[in-house]
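What follows is the residue order along each chain.
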Amino acid sequence: MADSIVTVLLEYLPGLLAEEAHLLHGVEDQVKSLHRELRLMNIFLQNSEGKRNEHDIVKEVVRQIRDVAHEVEDVIDTFVLNVAEQRKRNVLGKIVHSLNHAITVHQVAKKIEGLNKEINKIYDNITKYGIERTEARVDAAAVEALHKRRRDVEEDDVVGFAHDSATLVKQLTEGNPSLDVISIIGMGGLGKTTLARKLYNSDKVKSRFRFRAWVYVSQDFQIRDLLLKIFKSVAPNYENDVMPEEMNEDELKKQMFVYLEGKRYLIVMDDIWGSEVWNDVRTAFPLNMRGSRILITSRIQEVALHASRNPPYFLPVLNKDESWELFCKKVFRAENCPADLETLGRQIVESCHGLPLAIVVLGGVLANKEKTQRTWSRLVGHVNSCLTHATTICKDILALSYAHLPRRLKPCFMYFGMYPEDFEIPVRKLIELWIAEGFMYTGSRRMER
Ligand SMILES: Nc1ncnc2c1ncn2[C@@H]1O[C@H](COP(=O)(O)OP(=O)(O)OP(=O)(O)O)[C@@H](O)[C@H]1O
Ligand SMILES: [Mg+2]
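Residues numbered from 1 in each chain as written. Chains lettered and ligands numbered in written order. Predicted model: local features only at pLDDT ≥ 70, side-chain atom pairs only at ≥ 80, totals over all residues. Heavy atoms only, no water.

A. Inspection of the confidence of the model for the chain at higher detail. Overall, the prediction assigns the chain a mean pLDDT of 80, with 77% of residues at 70 or greater. Low pLDDT, under 50, characterises residues 133–137; the predicted model gives this stretch 15 contacts beyond four residues in sequence or across chains. Every residue in residues 444–449 is under pLDDT 50, and counting partners more than four places away or in other chains gives 21 contacts. (pLDDT = per-residue confidence, 0-100. Contact = heavy atoms within 4.5 Å.)

Laid out in structure tokens, this is it:
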């Protein structure tokens, strides 16, 4: 994990330079230059993130960076320890060991210089092979494809949501006449988009809002595209000298504001990942007293808290009966589940823990398998390992959340991989392990091992 070790050093070194300069006496300049080089490495690591699985050269460079960064860490840690030992000695001990200490300082200075050179070589290779231009972040096309695949849920296939739907329809159509932002929050695959669609298409909502727009935001949104889509949906018959397609971002905001003023409108912004989206669009929506609403869905609670003072609506998982109903719809379509398979089936569905995405994917796979006790009994307790295809689809979708994590949290998350499935993880122990790995800090200092 080159990213984590470089992030660790980048956070550690400035603190060490600022607070413990005396410990680094004799090697500060080398450490400073090392810090500069590591910053460059870090930019490269950020930019190459999405491409590591595709390019062997990128993979190799990342491996080299990791090795050098580990060496840097070892050299500095050993040096700091050595200085601390020297300081603990009495006057006589200091004199006796002073030559040793001077040699250590000299050796460390040389070692760091060597590491600096190695980093420079790696950086030269990056330029030489033209890999600094690799794209970062998640692959936008793949995300869009995933999104499309899930978009076409038939209204009739939607299970549950009766209570959620009633609560949210009320918030959308009743109460406060001023503009309200309502949010649906929950993990990936929970059904936020499905519920929002159901609300958007419900008769009550349709008849309340003549001016409506639905936009899918995603991680790679372009603000002008979003505004244009919203504008064209709320004002399909807009006629003017300058048409929306010809407007820039500011004009779109201004004209949309003018158009919506005095109207009751509903805008759904599906799948928002950052608070900046709301900052970017808010000025396009007039705060009139007509009962207008903006509905947002997001995996991230902070997005909701940033956009609105209303408490977010946390979508719950499906209960056991709803999970079973959804599973049966996917596996048996219009038919009923044979009585002798129900107990086994319910056991299998339990491994989805009420997550609709997992149930839908699992159901889709089982629909094409033999529906017998013999086949199903082999699945109980082994759903993940037996259904590679199903778990891959779920992983792709949930990987978006991983891709969105700040880089310093990624190694912490990856750490969960060492625990077996369904294992109860003691939080204290986990935090201790994270600290021991050097993943966590207090202030500028590393939380010590
Ligand atoms: N209540 C439900 N009934 C039937 N199918 C559902 C239900 N909820 C979700 N699904 C199905 O589960 C899948 C995931 O749902 P959806 O896309 O709405 O999740 P989401 O919370 O919006 O996820 P993301 O955070 O990735 O956008 C979809 O394919 C949808 O068909
Ligand atoms: Mg969604």
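We are not done yet, so read on.
B. Structural detail: the site of ligand 1. Close to ligand 1 lie 20 residues, the nearest being Val159, Lys192, Thr193, Thr194 and Arg299. One of the backbone nitrogen or oxygen atoms of Gly191 is found 3.0 Å away from an oxygen atom of ligand 1. With respect to ligand 1, the side chain of Thr194 contributes an N or O atom lying 2.5 Å from an oxygen atom. When isolated, ligand 1 has an accessible area of 630 Å², and the protein chains bury 96% of it. Those elements that provide at least two residues to the shell around ligand 1 are α7 (192–200) and α15 (356–367). Of the residues that constitute the shell around ligand 1, the class distribution is 11 nonpolar, five polar and four charged. Looking at which domains feed residues into the shell around ligand 1, each of domain 2 (141–314) and domain 3 (320–396) gives three or more. (Near = heavy atom within 4 Å. Polar contact = N/O pair within 3.5 Å; in protein donor to acceptor, adjacent residues only side chain to side chain. Areas by Shrake-Rupley, 256 points an atom, 1.4 Å probe, with all protein chains shown as cover. Helix = DSSP H or I, 4+ residues; strand = E, 2+ residues; numbered from the N terminus. Nonpolar A, V, L, I, M, F, W, Y, C, P; charged D, E, K, R; others polar. Domains from an automatic or database assignment.)

C. View of the packing of aromatic side chains. Within this structure, the stated rule accounts for 12 aromatic pairs. Summarising the aromatic geometry, the rings of Tyr200 and Trp214 are spaced 5.5 Å apart at their centres and angled 70° between planes, so their arrangement reads as edge-to-face. Taken together, the residues Tyr200 in helix α7 and Trp214 in strand β2 (residues 211–216) connect sequence positions 14 residues apart. Comparing Tyr200 with Trp214, the two get one shared label, buried. (Phe/Tyr/Trp six-rings, centres within 6.5 Å; stacked < 30°, edge-to-face > 60°. Buried < 20%, exposed > 50% of the residue type's maximum accessible area, 1.4 Å probe, protein only.)

D. Up close: the nonpolar core. Formed by 41 residues in total, the largest nonpolar core has its most connected members in Ile184, Leu199, Phe327 and Trp376. Those elements that provide at least two residues to this core are α6 (162–173), β1 (180–185), α7, β3 (265–272), α13 (320–332), α14 (342–350), α15 and α16 (373–379). Take this core: its biggest share by element is six residues, from α13. Two domains each donate at least three residues to this core, and these are domain 2 (141–314) and domain 3 (320–396). Look past the residues within four positions of Ile184 in its chain and what remains in contact with it is Leu168, Lys192, Leu195, Ala196, Leu199, Leu295, Ile296, Thr297, Ser298, Tyr313 and Leu315. (Core = buried A, V, L, I, M, F, W, Y, C linked by side-chain atoms within 4.5 Å.)

E. Inspection of the state of the cysteines at higher detail. Counted according to the given criterion, the structure contains zero disulfides. Not part of a disulfide, Cys337 finds its nearest cysteine sulfur in Cys328, a span of 4.9 Å. Judged by its relative accessible area of 17%, Cys337 falls in the buried class. (Disulfide = S-S within 2.5 Å.)

F. Structural context of the sheet that holds β3. Taken in spatial order, the five strands make up an open sheet running β2-β3-β4-β1-β5, and their pairing is parallel. Among the strands making up the open sheet, the edge pair consists of β2 and β5 (313–314). Pairing between β1 and β5: two bridges, direction parallel. Paired with Ile184 across the strands is Tyr313, a residue of β5. Sheet contacts for α7: β1, β2, β3 and β4 (293–298); angle to β2, the most-contacted strand, approximately 165°. (Pairing = 2+ DSSP bridges. Axes fitted to C-alpha atoms, helices over the stretch in contact; angles between N-to-C directions.)

G. Up close: the environment of His404. If you trace the backbone, His404 turns up in helix α18 (residues 388–404). Judged by its relative accessible area of 32%, His404 is partly exposed. Put simply, His404 and Trp273 are 131 residues apart on the chain and 8.1 Å apart in space, counted from C-alpha to C-alpha. Each residue touching His404, except ones within four places of it in the same chain, is listed here: Gln219, Trp273 and Ile300.

H. Representation of the packing of α13 against α15. It is at 8 Å that the axes of α13 and α15 come closest, and there the two elements cross at 35°. For α13 against α15, the interelement crossing comes out right-handed. For the pair α13 and α15, contact is made by Ser323, Leu326, Phe327, Lys330 and Val331 and by Pro356, Ile359, Val360, Leu362, Gly363, Gly364, Leu366 and Ala367, respectively. Tallied by class, residues from the contact of α13 with α15 come to nine nonpolar, three polar and one charged. (Left-handed = near helix turned anticlockwise from the far one by under 90°.)

I. Region of interest: the pairing of β3. Within β3, eight of the eight residues are buried, leaving the element largely enclosed by the surrounding structure. With six bridges connecting them, β2 and β3 associate as parallel partners. When the sheet's bridge partners are listed, Val215 is paired in β3 with Met269. As paired strands, β3 and β4 are joined by five bridges and run parallel to one another. The partner of Leu266 across the bridge, within β4, is Arg293. Crossover connection from β3 via helix α11 (residues 276–281) to parallel β4: handedness right-handed. (Right-handed = clockwise from strand over helix to strand, strands pointing away.)

J. Up close: helix α10 (residues 249–260). If you check α10, its first and last C-alpha atoms are 16 Å apart, about what 12 residues at 1.5 Å a residue would give, namely 16 Å. All of the buried residues along α10 are Leu252, Lys253, Met256 and Leu260. Seen from one end, α10 has its buried residues packed into an arc of 100°, which puts them on one side. Away from the buried face of α10 by more than 90 degrees, exposed residues Asp250, Lys254 and Val258 are located. N-capping of α10 is provided by Asn248, with a side-chain oxygen placed 3.1 Å from the backbone N of Asp250. One or two steps after α10, the chain reaches Gly262, where phi turns positive at roughly 85°. (Expected span 1.5 Å × (residues − 1). Arc of directions from axis to C-beta.)

K. Broad picture of a nonpolar patch on the surface. A cluster of nonpolar residues, Phe413, Met414 and Phe416, forms a patch on the protein surface that exposes about 280 Å² of accessible area. With respect to the helices, strands and loops of the structure, Phe413 is situated in helix α19 (residues 410–414). A relative accessible area of 44% means that Phe413 is categorised as partly exposed. (Patch = residues over 30% accessible without salt bridge, like charges linked within 9 Å, V, L, I, M, F, W, Y side chains within 5 Å. Salt bridge = Lys/Arg side-chain N within 4 Å of Asp/Glu carboxyl O.)

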